[in-house]
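Working through the structure, step by step
Okay, here's what each chain looks like letter by letter:
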Amino acid sequence: MAGRILAVLGPTNTGKTHFALDRMLGHASGMIGFPLRLLARENYDRIVKLKGAGQVALITGEEKIVPAHPRWFVCTVESMPLDRRVAFLAVDEIQLCADPERGHIFTDRLLHARGQEETVFLGAETIKPLLRQLVPGIEFSTRPRLSSLSYAGPKKLNRLPPRSAVVAFSASEVYAMAEYVRRQRGGAAVVLGALSPRTRNAQVGLYQAGEVDYIVATDAIGMGLNMDVDHVAFAGLRKFDGRAPRSLESTEIAQIAGRAGRHMNDGTFGTTADVPGIDPDVVDAVENHAFQPLTALSWRNSDLRFATIEALAASLERRPDQRGLIRAREADDQMALSILAKDDAIARLANHPERVKLLWDVCQIPDFRKVMADTHTRLLAQIYQHLCGKGRKLPTDWLANHLARLDRTDGEMDTLLARIAHVRTWTYVSHRGDWVADPAHWQAASRAIEDKLSDALHESLTQRFIDRRTSVLVRAMRDDGALLGAVARSGEVMVEGQFVGHLEGFRFVADQAEGAVAAKAVLAAASRSLKPEIAARVERLHNSADQDFCLDDQGQLLWQGQKVGRLVAGHTALAPQVEVTASDLLEPAQRDRVHKRLSRFVAWALEGLTRPLQPTANQQGALRGLTHQLAEGLGSVSRSQVQAQLAALTEEERRILAARGIRIGTEAVFIPALLKPAAQRLRGLLWAVHGGHLVPDLAFGRVSLEAGPLPAEGWRALGYLPLAGIALRLDILERLTARLRDLSRAQPDGFSLDPALASLTGLSPAALDKLLPDLGWSLSPQGWRRAERKKTTSRKPRKSVSTESSPFAILRQHRNANR
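Counting of residues starts from 1 at the beginning of each chain's written sequence and follows it residue by residue. Totals for whole chains, interfaces and linings use all residues, but because this is a predicted model, local features are given only for residues with pLDDT of at least 70 and pairs of side-chain atoms are given and counted only at 80 or more. Values reported for side chains reflect all heavy atoms of the structure, with hydrogen atoms and water molecules removed beforehand.

**A closer look at helix α25 (residues 677-691)**
Numbering of helices and strands runs from the N terminus, with a helix taken as a DSSP run of H or I at least four residues long and a strand as a DSSP run of E at least two residues long. Expected span, for any helix, means 1.5 Å times one less than how many residues it has. With 15 residues, α25 extends 21 Å between its outermost C-alpha atoms, agreeing within 8% with the 21 Å of an ideal straight helix rising 1.5 Å per residue. Looking one or two places after α25, you find Gly692, whose phi comes out positive at around 75 degrees.

**Things to note about helix α17 (residues 468-477)**
Using a 1.4 Å probe on the protein chains alone, a residue whose accessible area is under 20% of its type maximum counts as buried, one over 50% counts as exposed, and one in between counts as partly exposed. All buried positions along α17 are accounted for by Arg469, Thr470, Ser471, Val472, Leu473 and Ala476. Where the residues of α17 are buried, they touch β20 (492-495), β21 (498-504) and α18 (516-529). Any two residues whose heavy atoms approach within 4.5 Å at even a single point are treated as in contact.

**A closer look at the packing of helix α5 (residues 171-185) against helix α16 (residues 439-465)**
Fitted lines through C-alpha atoms give the axes, limited to the stretch in contact for helices. The angle between two N-to-C directions lies from 0 to 180 degrees. Where α5 meets α16, the closest approach of the two axes is 9 Å, and the angle between their N-to-C directions is 55 degrees. Here α5 lies oblique to α16, going by the angle between them. Together, Tyr175, Ala178, Glu179 and Arg182 of α5 and Gln463, Arg464 and Phe465 of α16 make up the contact between the two elements. Roughly parallel means an angle under 35 degrees; roughly antiparallel, over 145; roughly perpendicular, 65 to 115; everything else is oblique.

**A look at the sheet that holds strand β6 (residues 88-91)**
Taken in spatial order, the 8 strands make up an open sheet running β4-β3-β5-β2-β6-β7-β1-β8, and their pairing is mixed. Since the sheet does not close on itself, it has two edges, and those belong to β4 (64-65) and β8 (139-142), each with one partner. Both strand β1 (residues 4-9) and β8 contribute to a ladder of 4 bridges, which runs parallel. When the sheet's bridge partners are listed, Val8 is paired in β8 with Ser141. The pairing criterion for strands is at least two bridges between them, as found by DSSP.

**With respect to the pattern of salt bridges**
By salt bridge we mean one thing: a side-chain nitrogen of Lys or Arg within 4 Å of a carboxyl oxygen of Asp or Glu. Across all of its chains, the model carries 41 salt bridges by this definition. Residue Glu101 is joined to Arg329 by a salt bridge in which the shortest nitrogen-to-oxygen separation is 3.4 Å. Here Arg329 lies in the loop between β18 (325-327) and α10 (332-341) and Glu101 lies in the loop between β6 and α3 (103-112), a separation of 228 residues in the sequence. Judged by its relative accessible area of 42%, Glu101 falls in the partly exposed class. The salt bridge partner of Glu533 is Arg540, with a shortest N-O separation of 3.8 Å. A relative accessible area of 23% means that Glu533 is categorised as partly exposed. Ionic contacts of the salt-bridge type, sharing partners, join the residues Arg4, Arg23, Glu118 and Glu139 into one network.

**Here's the deal with the packing of α17 against α18**
At a minimum axis distance of 9 Å, the contact between α17 and α18 shows a crossing angle of 50 degrees. Here α17 lies oblique to α18, going by the angle between them. In this structure, α17 meets α18 at a crossing whose hand is left-handed. From α17, Arg469, Thr470, Leu473, Val474, Ala476 and Met477 reach across to α18, where they touch Ala518, Ala521, Val522, Ala524, Ala525 and Arg528. A per-class count over the contact of α17 with α18 returns 9 nonpolar, 1 polar and 2 charged. Crossing handedness: left-handed means the near helix sits turned counterclockwise from the far one by under a right angle, and right-handed means the same turn made clockwise. Polar here means any residue outside two lists: the nonpolar Ala, Val, Leu, Ile, Met, Phe, Trp, Tyr, Cys and Pro, and the charged Asp, Glu, Lys and Arg; Gly therefore counts as polar.

**Some points on the confidence of the model for the protein chain**
In this model, the protein chain carries an average pLDDT of 89, and 95% of its residues clear a pLDDT of 70 or more. Confidence of the predictor at the level of single residues is given by pLDDT, which spans 0 to 100. In this model, residues 792-811 is a region of pLDDT below 50 whose contacts with residues beyond four sequence positions or in other chains number 8 contacts.

**Side note on the packing of aromatic side chains**
Whether two aromatic rings pair depends on their centres lying within 6.5 Å, for rings of Phe, Tyr and Trp, where Trp uses its six-membered ring; planes under 30 degrees apart make the pair stacked, over 60 edge-to-face, and the rest tilted. Applying the stated rule across the entire model yields 8 aromatic pairs. For the pair Tyr151 and Phe269, a centre-to-centre distance of 5.3 Å together with 50 degrees between the ring planes defines the contact as tilted. Linking Tyr151 in strand β9 (residues 149-155) with Phe269 in strand β16 (residues 267-272), this pair joins segments that are 118 residues apart in sequence. With a relative accessible area of 26%, Tyr151 lands in the partly exposed category. The ring of Tyr207 has Arg163 lying over it, and the distance from NZ or CZ to the ring centre is 3.8 Å. Seen from the ring of Trp777, Arg786 lies directly overhead, with NZ or CZ sitting 4.8 Å from the centre. Only lysine NZ and arginine CZ atoms are considered, and such an atom sits over a ring when it is within 6 Å of the ring centre and within 35 degrees of the ring normal.

See the structure below:
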């Protein structure tokens, strides 16, 4: 009753599947078998979009969607309902007939599954000789690859081009490489054979959407995943096939490498740098799609005898009677039967053909957890005993308890993987309508748990192996359009919905990023998105009032509370320069505008300090020199340093000084207004900036302080005179010396220190005792009196004249100065 039989053969990316689907939809009815549940679901969804859900059925081991009157069936190869007659039938990846584990299923479909009008087998050309031998009358159609595939040699992981897939052969290797790619390139999607279809599709979706440019996978990538991959890099050339490690076959390398270059786009393949290159003969075979043909297909007897367990086992051991077929190695279901047959309780239950058939059906429950031996067979034994018990159904409470233990999303990735594998077992069981009460309920319950776990696993994989922020920014920056950026009041910068750092004034402080690529993406995105904000800030700063700025105690220039510059040394202490805070966001013209505005503010902020110290155009001679000395001292100077200028001042010039608030004392010339705390703090800042010193941290305004923290020049710049370990403010020094002179005139032979002196200076009597000798006073038995000068000759001393008011002394000092 079979019609035309056609084999459509060729390498990957030849459009074979598309051809078969078109042929199937051209018939009144049809059925197609895929090697993976994932592929079946993907193509089911595609046909539903074209023909509607009521026309298409999906049948897999874990999912059945069968409308009332379907015309086309999309299945996994194992689940194809061969008892249903259809006009068209196709099997994909027919070369899997040679697979040691599942090959016997494909071989059975090759030998027995037929469409009434047309049968199509899709696969690699390596199976062509055996198809000709085993399927009489078969026709062949060879399809060339739509794009070329070439060898690119070894490459370091961090040198792989975008849109690359890295293939490893263990979960631990996949995790390690994905972690490395995250640090170096922002992240990678992860595909493992143990992933549920939902998780696998979600991970591939991230890659296809461009959120990541790399995918790290096991050899599960080689089948069932159609992605836009440009390069495939093998991180190893050996795999564990379930029994022992072995080298990859050239056909396996070709199947995986064939993921590169889809449709009309060429692809490349190679290895990572730590893997030796691929053998030249293998490279040639892959590039030219020239492989040794298969010599035998895996076969297992499908005409089973269920009289007894022994009869069933014997029928499974039957050898093929056709050339080109070899008996399949013991599969998981056959291993489970062998173990359960040794259980006396199971053997007693399997006492007639119906029970033996049921036992075989139970043994075919897939071991999704890959824990065969005791764990899986114990579960199979429990299921079989329940099905043989009262009601011939699995107990509702027992089934509910098993599912409830799996309905949780906490734990690491491996824990989630194990739960998904376990719940897939119950999904499979729930689709046996004769095993459970209310199958629809248990199908929905198990599917809901699998979906929940799959979503949690996808989120866990994404969080661990993908820097979501980097992927979003990189994808957004591929376009030439403006990035969507925003700056909060707190300075937080968001770009395309991702937090990237803070904007402090005009300086962007990037959030910590993992790896050079991530850091570069953050900076690039911020620079591009902040241009409008920076331009607006420069304009606002330029138009701001002086009151919007601030000069802090460390010389930092703040605008609206944010640092935008600092003071640096100028040609004099009273004329510091402005340095705009370094920022890559400021254009040169913008930086100049900011610099000019900050300079105007600094001039305004220092005006109170500099006004009395600025010489006028008509100031000449002694007055100009004295003003210059005061400016260098930031508002104060020792009288001894300017004695000559003071002697040369006219009465008019003295009145000018007094009008400016400049006081001429017996010990110093100073400006009392500049001894107030705010002025002293500013003087200390200017002294530190000009000299490269640390900014003094003192209790400014105090009448006296310990003289330890600063050098003598620093104290003088603040308006203090350091004496005997004590810094005394100049105005207090003048009052102290005036009081000492009064006491000396009243008691020429010696006087005692009165309590008022301690109150005046804030010093204890002991501190005053140490201080007075430095001021020219000595202690005699009668008390304190002015210290006598040492005689330098034996001649009779001349009559003393006041050293400060004697016209001869002044004239002598003036002449010495002129010399």
